[in-house]
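Inside the fold
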Amino acid sequence: MSINNKFINVLIVDDEQDICEMVSGILADNGYNVRSTECYVDAVESIEDQVPQLVILDVWLGDSERDGIRWLQYIKNKYPHVIVIMISGHGTIATAVEAIKRGAYDFLEKPFDSSRLIISIEKALEVDKLQSENNDLKIKAKVTDSIIGISTNIKI
């Protein structure tokens, strides 16, 4: 368990209460700050109330088999920095590919092993941290595409 997990806010969105409880328990045991909701309306309110660093999102939220993909689009459009991991018990390869193309970090099929979920979350958070550090370094270095210099070789 990472020492800083208690500062990582995770929102779980799944229409099955037992899945929300199971995933919440796994993440809480690993030190994450977890909230969960079983419906789209509550999820919108929850994410707008406190934007999480990461969302565990079911593909099928009860209204249709693709409404999780629409919710993924909403999240990535309004909160592009939020990491989304999709989960599904009804997923297909095409759905997984579409989710990744639309910005999901990973796609896990239910039932999934708790260690697989934790590894996916840790990798997603590490990639996010590295991208953020890279962007900060580019800003600090004021990276440009032009060559700067006054030597004869530079002038030629």
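Everything below is about the structure printed above this text.
Let me begin by describing the structure that accompanies this report. Model, not experiment: these values are computed from the prediction.

**A few points about the overall build of the protein chain**
- Scanning the protein chain from N- to C-terminus turns up six helices and five strands.
- Overall, the protein chain shows an N-to-C arrangement of helices and strands of β-α-β-α-β-α-β-α-β-α-α.
- The buried share of the protein chain, taken over its 156 residues, is 39%.
- Long-range pairs, those at least 24 residues apart, make up 63% of the contacts in the protein chain with a sequence separation of at least 6.
- Just so you have it, the protein chain exposes about 9500 Å², and 53% of that area is on carbon and sulfur atoms.

**Some words on unusual backbone geometry**
- For the bond from Lys110 to Pro111, the omega torsion is -10°, close enough to zero to count as cis.
- Among the secondary structure elements, Pro111 is positioned in the loop between strand E5 (106-109) and helix H5 (114-141).

**Examining helix H1 (residues 17-29)**
- Here H1 is 13 residues long and its end C-alpha atoms lie 18 Å apart, about the 18 Å a rise of 1.5 Å per residue gives.
- The elements touched by buried residues of H1 are strand E1 (9-13), strand E2 (33-37), strand E3 (54-58), strand E4 (83-88) and H5.
- Just beyond H1, the residue with positive phi is Gly31, at close to 90°.

**Remarks on the packing of H1 against H5**
- Viewed as axis vectors pointing N to C, H1 and H5 meet at an angle of 60°, and their least axial separation amounts to 11 Å. Comparing the axis directions of H1 and H5 gives the class oblique. When the axes of H1 and H5 are compared, the crossing they make is right-handed. Counting all contacts with H1, which are made through Val23, Ile26 and Leu27, the residues of H5 involved are Ser114, Leu117, Ile118 and Ile121.
- Of the residues contributing to the contact of H1 with H5, the split by class is six nonpolar, one polar and no charged.

**A few points about the side chain of Asp106**
- Assignment of secondary structure puts Asp106 in strand E5.
- Given a relative accessible area of 14%, Asp106 falls into the buried group.
- A distance of 3.1 Å separates polar atoms of two side chains, one belonging to Asp106 and the other to Arg116.
- Setting aside residues up to four positions removed in sequence, Asp106 forms contacts with Val84, Ile85, Met86, Ile100, Arg116 and Ser120.

**Examining the packing of aromatic side chains**
- One pass over the full model with this rule turns up one aromatic pair.
- Ring centres 4.9 Å apart and planes at 15° place the aromatic pair Trp71 and Tyr74 in the stacked group. A residue pair is termed a helical-turn pair when its members lie 3 or 4 positions apart in one helix, as Trp71 and Tyr74 do in helix H3 (residues 67-78) at three residues.
- Assessed through its relative accessible area of 0%, Trp71 is described here as buried.

**As for the pairing of E4**
- Where burial is concerned, most of E4 is hidden: six out of the six residues are buried.
- Bridge count between E3 and E4: five bridges; the pairing is parallel. Residue pairing for E4: Leu54 is matched across the bridge by Ile83.
- In this fold, the crossover linking E4 to E5 by way of helix H4 (residues 93-101) has right-handed handedness.

**Let's talk about the packing of helix H2 (residues 40-49) against H3**
- In the contact formed by H2 and H3, the axes pass within 12 Å of each other and the chain directions differ by 15°. Between H2 and H3, the angle is such that the two are roughly parallel. Considering how the two elements wind past one another, H2 and H3 form a crossing that is right-handed. Facing H2, whose interface residues are Tyr40, Ala43, Val44, Ile47 and Glu48, H3 presents Trp71, Tyr74, Ile75 and Lys78.
- Its residues assigned to classes, the contact of H2 with H3 shows seven nonpolar, no polar and two charged.

Conventions and cut-offs
- Residues numbered from 1 in each chain as written.
- Predicted model: local features only at pLDDT ≥ 70, side-chain atom pairs only at ≥ 80, totals over all residues.
- Heavy atoms only, no water.
- Helix = DSSP H or I, 4+ residues; strand = E, 2+ residues; numbered from the N terminus.
- Buried < 20%, exposed > 50% of the residue type's maximum accessible area, 1.4 Å probe, protein only.
- Contact = heavy atoms within 4.5 Å.
- Areas by Shrake-Rupley, 256 points an atom, 1.4 Å probe, with all protein chains shown as cover.
- Expected span 1.5 Å × (residues − 1).
- Axes fitted to C-alpha atoms, helices over the stretch in contact; angles between N-to-C directions.
- Parallel < 35°, antiparallel > 145°, perpendicular 65-115°, else oblique.
- Left-handed = near helix turned anticlockwise from the far one by under 90°.
- Nonpolar A, V, L, I, M, F, W, Y, C, P; charged D, E, K, R; others polar.
- Polar contact = N/O pair within 3.5 Å; in protein donor to acceptor, adjacent residues only side chain to side chain.
- Phe/Tyr/Trp six-rings, centres within 6.5 Å; stacked < 30°, edge-to-face > 60°.
- Pairing = 2+ DSSP bridges.
- Right-handed = clockwise from strand over helix to strand, strands pointing away.

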